[in-house]
Every structure is written in structure tokens, then in C-alpha cells.
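Letter by letter, the chains look like this.
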Amino acid sequence: MSRFLIYGANGYTGRLIATEALRQDLEPVLAGRNAAALDALGKELGLSWRAFDLSDAGVLEREFDGLPLVLNCAGPFSETARPVLDACLATRSHYLDITGEIDVFALCHRAHELAVARGIVVAPGTGFDVVPTDCVAAMLKQRLPGANQLVLAFEAGGGPSPGTAKTSVEGLAKGGRARIDGELVEVPLGWKSRTFLRDGEARSAMTIPWGDVYTAYISTGIPNIETYMTVSPATIRRVRRLRFFKPLLGLAPVQSWLKRRAGATAGPSAERRERSDCRVWGEVRDAQGGEARLELSTPNGYALTATASVGMVRKLLSGATSGGFHTPSQLMGADYVLRLPGVRLIES
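We now turn to the structure provided with this report. (Residues numbered from 1 in each chain as written. Predicted model: local features only at pLDDT ≥ 70, side-chain atom pairs only at ≥ 80, totals over all residues. Heavy atoms only, no water.)

## Remarks on the overall build of the protein chain
Spelled out, the test is: Secondary structure elements are defined from DSSP: runs of H or I of at least 4 residues count as helices, runs of E of at least 2 residues count as strands, and each element is numbered from the N terminus. Under the scheme applied here, a residue whose accessible area is under 20% of the maximum for its type counts as buried, over 50% as exposed, and between as partly exposed, the area being computed with a 1.4 Å probe on protein chains only. We call two residues in contact whenever any of their non-hydrogen atoms come within 4.5 Å of each other. Method for areas: the Shrake-Rupley scheme with a 1.4 Å probe, in which residue coverage is limited to the protein chains shown.
Assigned secondary structure in the protein chain consists of 15 helices and 16 strands. A total of 348 residues make up the protein chain; the buried ones form 52% of that total. If you take every contact in the protein chain between residues at least 6 apart in sequence, the share linking residues at least 24 apart comes to 73%. Total accessible area on the protein chain stands at roughly 14,800 Å², and carbon and sulfur atoms take up 51% of it.

Have a look at this one:
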């Protein structure tokens with residue numbers, strides 16, 4: 001069966017994924033809340049569509065019934081993941097999403113036993129959040145099995161989509177996160193800073209609450225994990241000043257204002273996606289002083305999200321996968337990212 005449902009198909013990333021799925025001879029059913037946008041996209045791609053919101057569990061179960069898989073592309077996933085996941089568990093449809101939100105990974109992980117019982121896979125984070133970094137973590141664990149420290153970092157070009165920008169706004173109020181001695185710990189915004197080398201040139205970076213502080217621990221068991229994003233030194237200074245305003249950043253009026261501004265972004269154009277690429281760095285260390293490093297060059301994060309997500313959809317539609325919660329490397333193998341178009345391994 002080649003049919004599956006994309007919720008949030010009319011969004012920036014959902015549209016890219018729908019187009020890629022069609023290119024790979026799959027038949028996505030387009031879904032979301034905006035009937036006019038879905039109708040236009042359906043006519044453009046020659047696909048069927050369904051308009052419904054997530055407020056009624058009965059409606060969701062009726063819409064998902066008979067479909068083997070639902071890919072949730074509608075963020076912020078803090079709002080959409082639970083109702084879509086619950087409906088997938090009820091209808092025995094595999095659940096995938098493109099989240100990078102730590103709390104959503106935790107929500108999905110808690111559904112592991114029920115997913116096993118229902119015979120479905122729950123696999124959040126099927127895109128740039130967190131496929132490349134999760135695979136790098138798993139490959140490094142293979143190289144240094146006794147690793148007890150993991151550092152992951154990325155440099156992403158092209159600019160954010162509206163959904164990604166809104167998710168980032170939510171994250172400001174929660175502060176930073178790291179994995180310390182196996183526990184998820186809240187740390188200050190911009191907790192640590194350092195540099196990474198890209199083609200011999202130093203890139204400044206700061207810690208951010210990237211999803212791997214949750215997923216990489218599940219994939220590797222490494223108890224100490226830090227995740228970084230390259231930004232300018234000026235940005236690091238600005239983010240650290242936000243620490244003083246953290247109580248205000250969580251207030252509903254402030255969040256609404258910031259999300260309205262974030263939602264005004266259009267997302268990178270096709271030309272900008274084509275011109276921009278990404279780098280991913282990984283480092284592990286063990287108690288004896290052993291080290292291993294890897295670096296990846298990848299296409300633009302949105303292009304990678306489309307091919308990575310569709311690859312995981314194809315895997316699940318083909319069957320023969322055990323149910324339960326899976327990280328990308330658990331579901332697809334540590335080398336999955338290396339099989340995606342345009343990805344290159346740079347030995348460090």
C-alpha cells in the first residue's frame with residue numbers, strides 16, 4: 001500500500017514532503033485545517049485532501065481509520081502531537097512527525113508499551129531534527145562503545161520556516177537543556193559556547209535544547225550529551241541577556257506576540273534551499289581518554305527533511321518492523337543519513 005496521510009500538508013515543510021512522496025511514487029492524502037489551501041495544493045499535485053482540526057478525537061479516528069501511517073507536519077508539536085498520536089494508537093496507524101521538541105520526544109517515548117501492544121511504530125523526529133545528528137551519535141557509539149560524553153553540533157543555512165520559528169519561540173521560555181549523568185537537566189540559555197571547524201575556519205556556537213539530548217540517549221545510552229548550533233558571537237551575547245527576562249518569555253501575551261512575528265516568515269525559497277547547505281559535527285569521549293569525531297555535509301535542512309521523512313515512510317509501509325518507539329537510527333540504522341541524497345561523510 002502506498003497511501004498514507006500527511007497532516008499539515010499545506011504548511012511549508014508538509015508541501016515539500018508531499019511533493020517528494022509523489023516523486024517516489026507514493027500516494028499521500030493531504031490533510032490539515034485550511035480547506036482552501038489544501039484544495040489548491042491537491043489540484044496542483046493531483047492528490048486527494050481532507051480538512052479537519054484536531055479538537056475532536058472521534059473525527060481524527062474516523063479520518064485515520066484504514067490508513068497505515070500518519071506523518072504529522074503541523075507544528076508547534078507541543079499542541080498537535082498528543083491528539084494525533086492518540087488517534088494513531090486508536091486506529092493502529094504508525095505515527096511519525098518532524099518535531100525537534102524535547103518534550104514531544106518524551107511524550108512519544110512514554111507511548112512505547114502501548115505502541116508495542118497495538119503493533120505500530122511511533123517515530124518522531126523524521127527530518128533534520130533529528131535524523132543527521134541521531135545517526136552521527138549512533139555511528140560514534142559504534143566507533144567508541146565505552147563513550148560517556150557526546151557533543152553534537154550543526155550549522156544550518158537557508159533560514160527557518162514559520163513553524164520552526166514558532167517552535168523556537170516556545171523554547172525560549174523553557175531555557176536550555178542538557179543530559180548530565182543520564183538525567184535531563186535545565187540549564188541557562190546559551191549555557192556553554194565553543195567553536196567548531198568548518199573547512200579549517202572556526203565557527204562560534206552555543207548550546208541549545210536540541211532534541212538529541214533526549215533521543216541520542218535512547219539511541220546510544222551515553223549519559224552526558226550537549227547540543228550546539230553555530231551562531232555569531234553577537235547572537236550568543238543577545239541570547240544570554242535573555243536569561244534575565246526568562247519569567248516574562250513564558251507569559252501568554254508575550255508568546256502570542258512573538259509567535260505572530262515568527263509566523264510572518266515565509267520560509268526559504270527553492271533557490272535559497274538549493275544554494276544553502278548544512279554541517280553536522282559529533283564528538284565522543286570515554287573515561288580512558290579515548291575520542292572519536294565525525295562531520296557530515298548535508299543538503300539544506302528542509303530538503304533533507306523531505307527525503308529522510310519519505311524514506312522512513314517507505315520503510316514502514318513495506319512492513320516487517322517491530323512496534324514501539326524508535327529513534328531514526330534505531331528504525332533505519334546508524335548509516336541511514338549516509339544513504340540520503342547529497343549527504344557526505346567527512347572524517348575528522
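## Examining helix 7 (residues 131-143)
To keep it simple, the criterion reads: Between the first and last residue of a helix there are one fewer steps than residues, each counted as 1.5 Å, and that sum is the expected span.
Its 13 residues give helix 7 an end-to-end C-alpha distance of 18 Å, which sits within 8% of 18 Å, the value for a rise of 1.5 Å per residue. Along helix 7, the residues that are buried comprise Val131, Pro132, Thr133, Asp134, Cys135, Val136, Ala137, Ala138, Met139 and Leu140. If you follow the buried residues of helix 7, they end up packed against strand 7 (149-156), helix 9 (212-220), strand 13 (277-285), strand 14 (291-299), helix 14 (301-317) and helix 15 (328-332).

## Re the environment of Cys278
When you line up the elements, Cys278 lands in strand 13. Note: C-alpha distance between Cys278 and Pro299 (21 residues apart in sequence) is 6.0 Å. Residue contacts for Cys278: discarding those within four places in its chain leaves Phe128, Glu155, Ala156, Gly157, Leu296, Ser297, Thr298, Pro299, Asn300 and Gly301.

## Here's the deal with the sheet that holds strand 1 (residues 3-7)
Cut-off, in case you're wondering: A pair of strands counts as paired when DSSP detects no fewer than two bridges linking them.
Judged by pairing direction, the sheet is parallel, and its seven strands sit side by side in the order 3-2-1-4-5-6-15 without closing on themselves. Each end of this open sheet is capped by a strand with a single partner; those strands are strand 3 (49-51) and strand 15 (324-325). In this structure, strand 4 (residues 69-72) lies alongside strand 5 (residues 94-97), joined through four bridges in parallel fashion. Each residue of the ladder has a partner; that of Leu71, found in strand 5, is Leu96.

## Examining the side chain of Thr220
Test applied: Within 3.5 Å is the distance limit for a polar contact, defined as a pair of N or O atoms, with the added protein rule that one can donate a hydrogen and the other accept it, and that residues adjacent in sequence qualify only through two side-chain atoms.
With respect to the helices, strands and loops of the structure, Thr220 is situated in helix 9. A polar side-chain atom of Thr220 sits 2.7 Å from the main-chain carbonyl oxygen of Ala216. Reaching out from Thr220, the side chain makes a polar contact with the backbone nitrogen of Ile222 at a distance of 3.1 Å. In this structure Thr220 touches Ala137, Ala138 and Lys141, once residues within four positions along its chain are discounted.

## Quick notes on the pattern of salt bridges
Two side chains that carry opposite charge are able to pair once their charged atoms sit near each other. Threshold: Salt-bridge detection follows one rule: a side-chain nitrogen of Lys or Arg within 4 Å of a carboxyl oxygen of Asp or Glu.
Summed over all chains, the structure comprises 19 salt bridges. Residues Arg15 and Glu44 are paired through a salt bridge, measuring 3.0 Å at the closest nitrogen-oxygen approach. Of this pair, Arg15 sits in helix 1 (residues 12-23) while Glu44 is found in helix 2 (residues 35-45), placing the two residues 29 residues apart along the sequence. With its nearest N and O atoms 3.5 Å apart, the salt bridge here joins Arg50 to Glu63. Of this pair, Arg50 sits in strand 3 while Glu63 sits in helix 3 (residues 57-64), and the two are 13 residues apart along the sequence. Through salt bridges that share partners, Glu155, Arg198, Glu201, Arg203 and Asp277 make up one connected network.

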